[in-house]
Amino acid sequence: MQGILIVDKPMDWTSFDVVAKLRGVLGTRKLGHSGTLDPMATGVLPVFCGGASKAVDLQLNHNKSYRAVLKLGARTDTGDVTGTVLETAPVTAGEGELLAVLPQFIGPQMQVPPMYSAIKLNGQPLYKLAREGVTVERKARPIEIYSITYGGSPAENEYVLDVTCSKGTYIRTLLEDIAAAMGQKGTMSALRRTSAGVYTEADAHTLEEILAAKEQGMDALEALMLPVESVFEESLPLLVVEPWVEQHLYNGCPTSRYPAADGRYRVRNAAGQFLGLANIVQGVLRVEKLFVERN
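The model shown is predicted, which means the values in this text are computed figures rather than measured ones.

Draft legend 1. Region of the structure containing the pairing of strand β14 (residues 238-241). Taking every second residue as pointing to the same face, the buried face of β14 carries L239 and V241, while none of L238 and V240 on the other face is buried. Where β14 and strand β15 (residues 263-269) come together, 4 bridges link them in parallel fashion. Pairing of L239 across the sheet is with V267, part of β15.

Draft legend 2. Expanded view of unusual backbone geometry. Its identity as a non-glycine residue notwithstanding, N122 has a phi of 55 degrees, on the positive side. Mapped onto the secondary structure, N122 falls in the loop between β8 (120-121) and β9 (124-125). Relative accessible area serves as the criterion here: at 79%, N122 is assigned to the exposed category. Although it is not a glycine, Q282 sits at a positive phi angle of roughly 50 degrees. Looking at the secondary structure, you find Q282 in the loop between β16 (274-281) and β17 (284-290).

Draft legend 3. Quick peek at the sheet that holds β14. The 4 strands lie next to each other as β14-β15-β16-β17, forming an open sheet whose pairing is mixed. With one partner strand each, in any of the chains shown, β14 and β17 form the two edges of the open sheet. Strand-to-strand twist across the sheet, computed as the mean angle between neighbouring axes with direction ignored, equals 40 degrees. Each of β14, β15, β16 and β17 is contacted by helix α7 (residues 243-251), which is oriented at about 60 degrees to β17, the strand it contacts most.

Draft legend 4. Broad picture of the environment of P237. Mapping P237 onto the fold places it in the loop between α6 (218-223) and β14. Assessed through its relative accessible area of 43%, P237 is described here as partly exposed. Between the C-alpha atom of P237 and that of F105, which follows or precedes it by 132 residues, the distance is 34 Å. Ignoring sequence-local partners within four residues, the contact set of P237 consists of R264, Y265 and R266.

Draft legend 5. Geometry of the packing of aromatic side chains. In total, this model carries 4 aromatic pairs according to the counting rule given. Summarising the aromatic geometry, the rings of F274 and F291 are spaced 5.9 Å apart at their centres and angled 25 degrees between planes, so their arrangement reads as stacked. Of this pair, F274 sits in strand β16 while F291 sits in the segment after β17, and the two are 17 residues apart along the sequence. The class for F274 is buried, based on a relative accessible area of 10%. Of the aromatic side chains, those joined through ring pairs into one cluster are F232, F274 and F291.

Draft legend 6. Layout of the pairing of strand β1 (residues 3-9). Within β1, 7 of the 7 residues are buried, which leaves the element mostly enclosed by the surrounding structure. Burial along β1 is two-sided: G3, L5, V7 and K9 facing one way and I4, I6 and D8 facing the other are all buried. Across 7 bridges, the pairing between β1 and strand β3 (residues 42-49) is antiparallel. By the bridge assignment for β3, K9 is matched with G43.

Draft legend 7. Molecular detail of the nonpolar core. Among the nonpolar cores identified, the biggest contains 44 residues, and L22, I171, I178 and I210 are the most heavily contacted of them. Beyond its immediate chain neighbours, meaning those up to four positions away, L22 contacts L5, V7, G27, L31, V47, L207 and I210. Residues F48, V198, V231 and L277 belong to the second largest nonpolar core, which totals 19 residues.

Draft legend 8. Layout of the pattern of salt bridges. This model, assessed by the stated rule, comprises 9 salt bridges. For R75, the salt bridge goes to E87, with nearest N and O atoms at 3.3 Å. Taken together, the residues span a long stretch of sequence, with R75 in strand β5 (residues 74-76) and E87 in strand β6 (residues 85-88) at a distance of 12 residues. A residue is classified by how much of its surface remains accessible, and R75, at 31% relative accessible area, is partly exposed. As a salt-bridge pair, E229 and R268 come within 3.0 Å of each other at their nearest N and O atoms. One end of the pair, E229, is in the loop between α6 and β14; the other, R268, is in strand β15, with 39 residues separating them in the sequence. Assessed through its relative accessible area of 8%, E229 is described here as buried.

Thresholds applied
- Residues numbered from 1 in each chain as written.
- Predicted model: local features only at pLDDT ≥ 70, side-chain atom pairs only at ≥ 80, totals over all residues.
- Heavy atoms only, no water.
- Buried < 20%, exposed > 50% of the residue type's maximum accessible area, 1.4 Å probe, protein only.
- Helix = DSSP H or I, 4+ residues; strand = E, 2+ residues; numbered from the N terminus.
- Pairing = 2+ DSSP bridges.
- Axes fitted to C-alpha atoms, helices over the stretch in contact; angles between N-to-C directions.
- Contact = heavy atoms within 4.5 Å.
- Phe/Tyr/Trp six-rings, centres within 6.5 Å; stacked < 30°, edge-to-face > 60°.
- Core = buried A, V, L, I, M, F, W, Y, C linked by side-chain atoms within 4.5 Å.
- Salt bridge = Lys/Arg side-chain N within 4 Å of Asp/Glu carboxyl O.

Written out as structure tokens, the structure reads:
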């Protein structure tokens, strides 16, 4: 079984919990996921199954979209409402002040990752150090916020924000910074990832749906999966190769004087089967990564 299963991660599950559960459901240990979600977060978690796991590190689109809720009035050690309250303060700002500061957070910027994160220091995740009460200096990292849209106020002092951002952005930290720009203390009270790379909520299946499909049989389970080619369809042009070139790709042999422009391609054979990725440099076609068994 090979493909990409988009999971709608439930609250209070870690991303690792989801992968561990799916190892049993899918009957394989060969699984990888794209983009860790906090236990309190829900939403889009792409899980790469079987040979598709080779595509995890080859994705060209790493952008993410989130729907988050900023709660004013307190700051916590984790940056969200699951943590210990470190500081409280009267709320003296509202929607107007929020809308006024949002534009300053659009664009490239540097962000210091939180202590409660999966970033590793000497092989140990920072969140483990944080749980021991240890705080270490973290280097600011480049991120980019592409858009922030205000989505209303579901409760007093709570504000919904839809954020589209680059890989590596911590929404908890962003919300704390937005609150600080308003002159307030703030923390994140809810988070849902609405897209990860090319995949959206519309592609996602709950664990209940996945388990129900398993009960129906492997064909029903496989029907929930997206093809590995879907990772590359939006970003790489398609190249259809002749059978003799296909054999060159299987054997790792270059094909000279190939009649196509230089560049990176997703490749299918004459029967329409996705083979993998290849590059053409100065007219020479070479395989980059295959996702099929050699014929």
